[in-house]
Amino acid sequence: MKLECGEYTLIFKDGGLEVQKNHKTIYFNKRPMFVTIKTAMAINEFYDKAYTEVDVFGNSIIAKGTLTVNSGSEFSFSDVYEAGASGFKVSRNVKVLKAGDDLGFSTKISFTMTESNDTHDYNCFAPGVWYRQNQFAPDFAFGKDLDCEYFWQMETRYAMPLFAMQNIESGETAAISRWAPDVTMRSLDILQSENNIDAKFTIGSIGMSKPQNKTMNYMYYGFEVRKEIETKTDGLSIDYVYPGCDGQMPGVNHYGGLDYNGTIKTFQRINHPVEPGFQQNYSVAVNFGKYDGFRLMMRDIWRLTYDRLRDKLFNVDNELFFHNCMKILDRYTRQYGDSFGLPFACQLPHMDINCVSFQFGFVGQQPGIGYQLLRYGDKENMPETFNKGVNLIDFWVRTSMTESGLPNMCYNPGISTFEPYPYYIRMLADGIEAILDAYLYMKKKGDERSTWREFCQKTADWLISIQNEDGSFYRAYNTDGSVRMKSKSNTPSVIRFLVQFYLVTGDERYKKAALKAGDWSYENAYLNMEYRGGTCDNTDIQDKEAGIYAMFGFLALYDLTEEKKWLEGAVGAADYTETWTYAWKFPVRAPMEKHPFNRYSISGQSIITIGGAADVYMAACSYTYYRLYVITGDEHYLDFAEFIHKNTRQSSDIDGSIGYIMPGLGHESGDFTRQTLQSQYHWLPWCTFVEVDPSSRLYDTFGGYEIADAQKLSPEERIRRNRIYDNYVDSL
């Protein structure tokens, strides 16, 4: 008996499974019925067995059997296999028939690799958690140590519940993903620990494993408890484990005075109860393919899963939301002595000001907010708002420039001086672009702000003076221009500014510098997928914002030159960056009474750094993804642009009904992977800035606050308007 999908055939043989391509077996599972038992001694033993009954039922194949473990616990399996247009669906029912002296259990759907048994021969993809071999992840990250036996992590940690393994030599790829976004709420009165039971737990884990025929449990202080078992293992496999677990993970020994000083690891397991009549029901998608490289595989597997699991669009009036956000920026921008700006952090729900400090970019986004205020005040005939924006820009131009041409970046009005802080290239890019935007806006109004232009000129000249021979820039510098952090991964951040300052001045030096930076970024950020260090308050590890700024930089070069190379880079960065976005949903509880997640979904939030918490920064990209759609005609970019233009708003009090002091407010970030939000519950200026910036750009380019408004334009008109540099300096 067999099922076929494209070039791949799923064959049922001797109670087991084989996946063949061109009559060659590339994946298999000789004993598909698999159960892990939490014994009376809280040690997890695993057992497996072949099906005893396989039947055809219509277009499906049903495989069944009963598995009995040494304690006498008995489990019946009924698995339904179906073939679809893009892959296979496996639907599993497991029922506890008898209970021996066992505490809990989990089950697994898996496929063993035949091409290689070595984890180092595979690149892996788990959205927001694992890219290739996690070269740019921190040392403690999941997947960093490829010599572990288990690589299983809760699917709620993934931006989508998806894990893929690609053989580096052949390109053959296997992927497993949850079939539907049907996770329910776990037991809220149980805290996840080393090895506990939760009958309500419906989250799985996805990953790979290469276990020995031994148990694996860790004591609370890291001691490894292992004993041999009779079950034989067949090698490296891709797995879906239900209910889920997190392991093996690097750990830290918090306990002193012990005799155990070995390498610390953890393995946190969730089990279902071994109670007669208890049932598991879950379904997964299994996809196979062959790809010429990791990027193509990542893009295809992500999109296949996205099309099936993407959450519905959030119902939000983006024009009203934009105005509410601008009211927030207007209200909290004020004069502090001889400076103008917004507080660094305010506690929700009442905007209790925690501290006042101004950052040039990144989480402070002070000049960016200044530009938005002067633009908004001018367009809405609000002179006070307009003057706030002008004064904010003036403050930075007047006070922050150093002799080297590198502006100071963190000002504390409480002590009337700049704080000690590295001069990050990424933070520099945020602020200097905004000052140039403000200069152009005022210039087109007939108000020449020569000091604003001179400020940009000094910074542009400084960038040229310190650019490396290979076109790169270092991640951070000192006040005198000497190098602070030698990583070059933030190079794409300043490309768009250099392009736009070239358009303002016509000086070929800036164009040349932008192209050189583009060449370095193409070879490293794009071809080597070296998207790291984009968040200034994290180490130089893989993250989302490095991808965002690479997308901005490559697209600026394409807008300038129309060379296909730069569009290729922009598309590559876009395909990478979107995989950090929670496109699916699962229920999350916020312990704060007034929080949007108690009413709305978490979809649209995005993982910040590899395997980390999530925030709303993908909101900054909706305009860019829409522009990519107009350039490429790729309907997926249109869908994703609209998704992040709407669903990112779900972490905000969009209409005041949540109870925040002002509608439009939202929290900075949080970890909700365990279905209970852990957050500092505060607002930083960037939270609102990244909501308004793409909306204002969308309005200025396409004439509306909704992507649906832009879609009402004719294709020809959209293309014409999308050539944003054609009229960039017309009135100068």
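Thresholds applied
- Residues numbered from 1 in each chain as written.
- Predicted model: local features only at pLDDT ≥ 70, side-chain atom pairs only at ≥ 80, totals over all residues.
- Heavy atoms only, no water.
- Helix = DSSP H or I, 4+ residues; strand = E, 2+ residues; numbered from the N terminus.
- Rg over C-alpha atoms; globule rule 2.2 N^0.38 Å.
- Buried < 20%, exposed > 50% of the residue type's maximum accessible area, 1.4 Å probe, protein only.
- Core = buried A, V, L, I, M, F, W, Y, C linked by side-chain atoms within 4.5 Å.
- Contact = heavy atoms within 4.5 Å.
- Salt bridge = Lys/Arg side-chain N within 4 Å of Asp/Glu carboxyl O.
- Pairing = 2+ DSSP bridges.
- Axes fitted to C-alpha atoms, helices over the stretch in contact; angles between N-to-C directions.
- Parallel < 35°, antiparallel > 145°, perpendicular 65-115°, else oblique.
- Left-handed = near helix turned anticlockwise from the far one by under 90°.
- Nonpolar A, V, L, I, M, F, W, Y, C, P; charged D, E, K, R; others polar.

J.: Please explain the overall build of the protein chain as it appears in this structure.
T.: For the protein chain, the count of helices and strands is 15 helices and 38 strands. Taken over C-alpha atoms, the radius of gyration comes to 27 Å for the protein chain, in line with the 27 Å a tight globule of 732 residues would show. The dimensions of the protein chain, computed from C-alpha atoms along their principal axes, are 85 × 55 × 45 Å. Per-residue burial over the protein chain gives 63% buried out of 732 residues.

J.: Please clarify how the nonpolar core should be interpreted in this entry.
T.: L374, W452, Y625 and Y626 are the most contacted members of the largest nonpolar core, which has 176 residues in total. Here this core takes 12 residues from helix α5 (residues 425-444), the largest share from any one element. Among all residues touching Y626, those that are not within four sequence positions of it are L638, A641, L698, F702, I707, A710, Q711 and R718. Grouped together as the second largest cluster of nonpolar side chains are 56 residues, F12, Y47, M165 and M249 included.

J.: Any chance you could explain the pattern of salt bridges here in plain terms?
T.: When the charged atoms of two side chains with opposite charge come close together, those side chains can pair. In the structure shown here, the tally under the stated rule is 46 salt bridges. The salt bridge partner of R157 is D246, with a shortest N-O separation of 3.3 Å. One end of the pair, R157, is in the loop between β14 (150-154) and β15 (162-167); the other, D246, is in strand β22 (residues 245-250), and 89 residues separate them in sequence. Judged on exposure class, the residue R157 and its partner D246 are both buried.

J.: When you look at the sheet that holds strand β31 (residues 417-418) in this model, what are you seeing that I'm missing?
T.: Hydrogen bonds between backbone atoms are what pair the strands of a sheet, whose relative direction is either parallel or antiparallel. Pairing in this open sheet of 3 strands is antiparallel, and the strands run β29-β30-β31 from one edge to the other. In this open sheet, the two strands that pair with only one neighbour each are β29 (358-359) and β31. Two elements, β29 and strand β30 (residues 410-412), share 2 bridges in a ladder whose sense is antiparallel. When the sheet's bridge partners are listed, F358 is paired in β30 with Y411.

J.: Can you help me understand the pairing of strand β2 (residues 8-13) in this one?
T.: Within a regular beta strand, the side chains point alternately toward one face of the sheet and then the other, so they alternate between its two faces. The buried count for β2 comes to 5 of 6 residues, which makes it a mostly enclosed element. The hairpin turn running from strand β1 (residues 2-5) into β2, its antiparallel successor, is 2 residues long, and G6 in that turn takes a positive phi close to 60°. Inspection of the sheet shows β2 paired to strand β3 (residues 16-21) by 6 bridges, in the antiparallel sense. By the bridge assignment, F12 is partnered in β3 with L17. Between β2 and β3, which follow one another and run antiparallel, lie 2 residues, and D14 among them has a positive phi close to 55°.

J.: I tried to follow the packing of helix α1 (residues 294-309) against helix α10 (residues 564-578) on my own but got confused; where do I start?
T.: Close contact between α1 and α10 brings their axes to 10 Å; oriented N to C, the two are set at 45°. Of the possible angle classes, the one that applies to α1 and α10 is oblique. Judged by the twist between their axes, the crossing of α1 over α10 is left-handed. Here M298, R299, W302 and R303 of α1 lie close against α10, whose contacting residues are V571, D575, Y576 and E578. Taken together, the residues that form the contact of α1 with α10 break down as 4 nonpolar, no polar and 4 charged.

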